[in-house]
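# Secondary and tertiary structure notes
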Amino acid sequence: MTAPDAAPVKAWLLDLQARIVAALERLDGAPFRKDSWERPGGGGGISRVLEDGGFFERGGVNFSHVMGAGMPASATTHRPELAGRSFEAMGVSLVLHPRNPYCPTVHMNVRFFIAAPARPDEAPIWWFGGGMDLTPYYPFEEDVRHFHSTCKAAVLPFGGEAEHRRLKEWCDRYFFLKHRNEPRGVGGLFFDDLGADGATSFDAAFGLTRSVGEAFLDAYLPIADRRRKLPYGERERDFQAYRRGRYVEFNLVFDRGTLFGLQSGGRTESILMSLPPIVKWRYDWQPEPGSPEAKLYDEFLVPREWC
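So, a few notes on the structure that sits alongside this text. (Residues numbered from 1 in each chain as written. Predicted model: local features only at pLDDT ≥ 70, side-chain atom pairs only at ≥ 80, totals over all residues. Heavy atoms only, no water.)

### Overview of the pairing of strand 6 (residues 125-135)
- Most of strand 6 is tucked away: 11 of the 11 residues are buried.
- Burial of strand 6 is two-sided: the residues Ile125, Trp127, Gly129, Gly131, Asp133 and Thr135 facing one way and the residues Trp126, Phe128, Gly130, Met132 and Leu134 facing the other way are all buried.
- Across 11 bridges, strand 5 (residues 105-115) lies against strand 6 in antiparallel orientation. If you follow Met108 over to strand 6, its bridge partner there is Met132. (Buried < 20%, exposed > 50% of the residue type's maximum accessible area, 1.4 Å probe, protein only. Helix = DSSP H or I, 4+ residues; strand = E, 2+ residues; numbered from the N terminus. Pairing = 2+ DSSP bridges.)

Below you can see the structure in the form of structure tokens.
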């Protein structure tokens, strides 16, 4: 039995990366560096990275397409039946860290996997995953509502209100720092293993994934345009660096994409481009009650129905 044709997925991913980079270059005013790389053992990718730009302190939009003889542990922890199978994985992943603390960090990822069958008479296992989430430092309710409303519009044609609620709640659970007992940010969408159980057709699964990827620029660019010229000082930069520490903790401890990339022998420079360039940690720091910093914790880092 044959796997679904991955060629249209790869073509779309490469085109999505190119279009997102072009839009971000117009926003920033500086070009993204382009690195093409090959992975020992099979595959490679294209990393597009910007550092010290006019708007982004660091931003990366990566495409990868890799193959391997055995699934990494990060993929088999919740899917033990995949252990030992050869695989093919492709995706686009981006993380953007603006310099202005009033502009939120944002992440988006869309990916496609194929795992080889365990026996010749079985079919390969394939699935899609992805999502996006917003991590503000000094948030505005209209920005968070806009982001979530755009995410919702991307999902509605593929399952309606119930499916959006499921993916929104999945995102809230996933982007949660268990050791801190707090969310990473204000959420968005998250899904994985879409199609693996045979209940969703390839066209439907690819359609939802494509809709999420295409919604990213509409979800984020209006927020960046509204906040990019707001004045800020050392206090805001200091708090931004402190909260960025939570981002680092999540990506290195919990993030499936980071763990999969490192365990599968991916390009470390490309995988860790998601980390912010300036970060701070403090011992047992607490925001002053009633302060703008406390507002993030009290009003935004709590479960809410933003739409």
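### Here's the deal with the packing of helix 3 (residues 141-155) against helix 5 (residues 202-227)
- In contact at an axis separation of 8 Å, helix 3 and helix 5 are set at 160 degrees when each is read in the N-to-C sense. On the basis of their axis angle, the class for helix 3 and helix 5 is roughly antiparallel. Helix-helix and strand crossings are classified by hand; for helix 3 and helix 5 the assignment is right-handed. Side by side, helix 3 and helix 5 meet where Glu142, Asp143, His146, Phe147, Thr150, Ala154 and Val155 of the first sit next to Leu208, Ser211, Val212, Ala215, Asp218, Ala219, Pro222, Ile223, Arg226 and Arg227 of the second.
- Classifying every residue of the contact of helix 3 with helix 5 gives nine nonpolar, three polar and five charged. (Axes fitted to C-alpha atoms, helices over the stretch in contact; angles between N-to-C directions. Parallel < 35°, antiparallel > 145°, perpendicular 65-115°, else oblique. Left-handed = near helix turned anticlockwise from the far one by under 90°. Contact = heavy atoms within 4.5 Å. Nonpolar A, V, L, I, M, F, W, Y, C, P; charged D, E, K, R; others polar.)

### Observations regarding the sheet that holds strand 1 (residues 33-38)
- Strand order in the open sheet formed by seven strands is 1-2-3-4-5-6-9, and the pairing between neighbours is antiparallel. Where the open sheet ends on each side, the last strands, each with one partner, are strand 1 and strand 9 (187-194). Pairs of neighbouring strands in the sheet enclose a mean axial angle of 5 degrees, with direction left out of account.
- As paired strands, strand 3 (residues 56-68) and strand 4 (residues 87-98) are joined by 12 bridges and run antiparallel to one another. Counted as the bridge partner of Asn62 is Ser93 from strand 4.
- Sheet strands in contact with helix 3 are strand 5, strand 6 and strand 9, and its direction is about 30 degrees off that of strand 9.

### A look at the pairing of strand 1
- Direction of pairing for strand 1 relative to strand 2 (residues 43-51): antiparallel, over a ladder of six bridges. When the sheet's bridge partners are listed, Lys34 is paired in strand 2 with Arg48.
- Hairpin connection between strand 1 and strand 2: a loop of four residues separates the two successive antiparallel strands, and Gly41 in this loop has a positive phi of roughly 105 degrees.

### Topic: the packing of aromatic side chains
- This structure, assessed with the given rule, holds 25 aromatic pairs.
- Ring geometry for Phe202 versus Phe206: centroids 5.9 Å apart, planes at 45 degrees, classification tilted. Linking Phe202 with Phe206, this pair stays in helix 5, spanning four residues, or about one helical turn. Per residue, the accessibility class of Phe202 equals that of Phe206, and both read buried.
- Within the aromatic cluster, the residues linked to one another by ring pairs are Trp12, Phe112, Trp126, Phe128, Phe202 and Phe206. (Phe/Tyr/Trp six-rings, centres within 6.5 Å; stacked < 30°, edge-to-face > 60°.)

### Digging into the environment of Ala23
- Here Ala23 lies in helix 1 (residues 7-28).
- Look at Ala23 and you get buried, because its relative accessible area is 8%.
- Here the alpha-carbon distance between Ala23 and Leu217, two residues 194 residues apart in the chain, equals 7.9 Å.

### What to know about unusual backbone geometry
- Positive phi values are uncommon outside glycine, yet Asn181 reaches one of about 55 degrees.
- Relative to the assigned elements, Asn181 resides in the loop between strand 7 (176-177) and strand 8 (182-183).
- Residue classification places Asn181 among the exposed positions, given a relative accessible area of 60%.
- Despite not being glycine, Asp193 shows a phi value in the positive range, around 60 degrees.
- Locating Asp193 in the fold gives a position in strand 9.

### Structural notes on the state of the cysteines
- The full count for this structure, using the stated rule, is zero disulfides.
- We note that Cys151 lacks a disulfide partner, and the nearest cysteine sulfur, in Cys171, lies 7.8 Å from it.
- With no disulfide partner, Cys307 has as its closest neighbouring cysteine sulfur the one in Cys151, 7.9 Å distant. (Disulfide = S-S within 2.5 Å.)

### Structural notes on the side chain of Asn62
- Looking at the secondary structure, you find Asn62 in strand 3.
- A residue is classified by how much of its surface remains accessible, and Asn62, at 9% relative accessible area, is buried.
- A distance of 2.8 Å separates a polar side-chain atom of Asn62 from the backbone oxygen of Ser270.
- Contacts of Asn62, omitting those with residues within four sequence positions, involve Gln17, Ile46, Ser47, Arg48, Gly91, Val92, Ser93, Ser270 and Met273. (Polar contact = N/O pair within 3.5 Å; in protein donor to acceptor, adjacent residues only side chain to side chain.)

### Details of the pattern of salt bridges
- This structure, assessed with the given rule, holds 25 salt bridges.
- Two residues, Glu141 and Arg145, come together in a salt bridge whose shortest N-O distance is 2.9 Å. Taken together, the residues span about one helical turn, with Glu141 and Arg145 both in helix 3 at a distance of four residues.
- Look at Glu141 and you get partly exposed, because its relative accessible area is 33%.
- A relative accessible area of 31% places Arg145 in the partly exposed class. (Salt bridge = Lys/Arg side-chain N within 4 Å of Asp/Glu carboxyl O.)

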